[in-house]
Amino acid sequence: MFKVSDLQSIVVFGFRTHFGGGRSTGFGLIYDSVDDAKKFEPKYRLVRAGLATKVDTSRKSRKEKKNKMKKQRGLGKRKKAAPA
């Protein structure tokens, strides 16, 4: 149906199975290139498609970092934001 140079430029998601089995519906997006897919797709879908890596920090450490940033003012935020 569509001619695609790279299969990684196709992103499918939102699949639902129908009662009784044998049929599913979903949604798919076909991008011109992998770079366009990386530019427009949300990070979680890029991780599912294997185009990005998952952030391995814990939820607690991300929240602590966020709250430290809220307390800091001015240019010091850049230093606090740097990964430790």
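Residues numbered from 1 in each chain as written. Predicted model: local features only at pLDDT ≥ 70, side-chain atom pairs only at ≥ 80, totals over all residues. Heavy atoms only, no water.

### Focus on the confidence of the model for the protein chain
On average, residues of the protein chain score 88 in pLDDT, and 89% of them are at 70 or above. Taken element by element, the protein chain is modelled with least confidence in helix α4 (residues 76-81), mean pLDDT 66, and with most confidence in strand β2 (residues 24-30), mean pLDDT 95. (pLDDT = per-residue confidence, 0-100. Helix = DSSP H or I, 4+ residues; strand = E, 2+ residues; numbered from the N terminus.)

### Here's the deal with the pattern of salt bridges
As enumerated under the stated definition, the model contains one salt bridge in all. Residues R45 and E41 are paired through a salt bridge, measuring 2.6 Å at the closest nitrogen-oxygen approach. When its relative accessible area of 6% is taken as the criterion, E41 is described as buried. (Salt bridge = Lys/Arg side-chain N within 4 Å of Asp/Glu carboxyl O. Buried < 20%, exposed > 50% of the residue type's maximum accessible area, 1.4 Å probe, protein only.)

### Focus on the side chain of S9
With respect to the secondary-structure elements, S9 resides in the segment before β1 (10-17). Under the relative-accessibility criterion, S9 is labelled buried at 2%. At 2.6 Å, the side chain of S9 and the backbone oxygen of D6 are in polar contact. For S9, the contacting residues outside a window of four places in its chain are V4, L29, I30, Y31, S33 and V34. (Polar contact = N/O pair within 3.5 Å; in protein donor to acceptor, adjacent residues only side chain to side chain. Contact = heavy atoms within 4.5 Å.)

### Focus: the packing of aromatic side chains
For any pair of aromatic rings, the description consists of the separation of the ring centres together with the inter-plane angle of the planes. Here the structure, examined in full by the defined rule, presents one aromatic pair. Across the ring face of F13, the terminal group of R45 is positioned such that the distance to the ring centre comes to 3.7 Å. (Phe/Tyr/Trp six-rings, centres within 6.5 Å; stacked < 30°, edge-to-face > 60°. Lys NZ or Arg CZ within 6 Å of the ring centre and 35° of its normal.)

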